Amino acid sequence: MKMTKEQINKLLHPKMPADLSKALSATPKALETWKSASTIAQRDWILWLNTAKQTETRVRRIKKALDVLSKGKKRVCCFGGVNWLIKNNQV
């Protein structure tokens, strides 16, 4: 199945999820790293979170994101990014 231009645009410019925003606001170190991360890095974090299919997985990913960002790491590990999502139609 081929992705539409609208689907690709949504992938390239995802909105900040409310649960991630709330978690970052409650974790100053993570928020500081988030703000200093590139737009592409932030997009990948959001896409990684949004690809969770179960609520439990999403909660685990938010906790992991806070931990990693709090340590000053700006990139999500082990996520193929937008190219992988487009190639595999993981919208």
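Above this text you will find the structure in question.
Report follows, based on the coordinates.

Basis of the calculations
- Residues numbered from 1 in each chain as written.
- Predicted model: local features only at pLDDT ≥ 70, side-chain atom pairs only at ≥ 80, totals over all residues.
- Heavy atoms only, no water.
- Helix = DSSP H or I, 4+ residues; strand = E, 2+ residues; numbered from the N terminus.
- Expected span 1.5 Å × (residues − 1).
- Buried < 20%, exposed > 50% of the residue type's maximum accessible area, 1.4 Å probe, protein only.
- Phe/Tyr/Trp six-rings, centres within 6.5 Å; stacked < 30°, edge-to-face > 60°.

A word on helix α4 (residues 39-50). Under the 1.5 Å per step criterion, the end-to-end length of α4 is 16 Å for 12 residues, consistent within 8% with the ideal 16 Å. Of all 12 residues in α4, nine are buried, a share of seventy percent or more. Of all the positions in α4, only A41, Q42, R43, D44, W45, I46, L47, W48 and L49 are classed as buried.

On to the packing of aromatic side chains. Per the counting criterion, the structure on display carries one aromatic pair. Taking 5.6 Å as the distance between ring centres and 75° as the angle between the ring planes, the aromatic pair formed by W45 and W48 counts as edge-to-face. One end of the pair is W45 and the other is W48, both in helix α4 and three residues apart, which spans about a single turn. By the burial criterion, W45 is buried, and W48 matches it.

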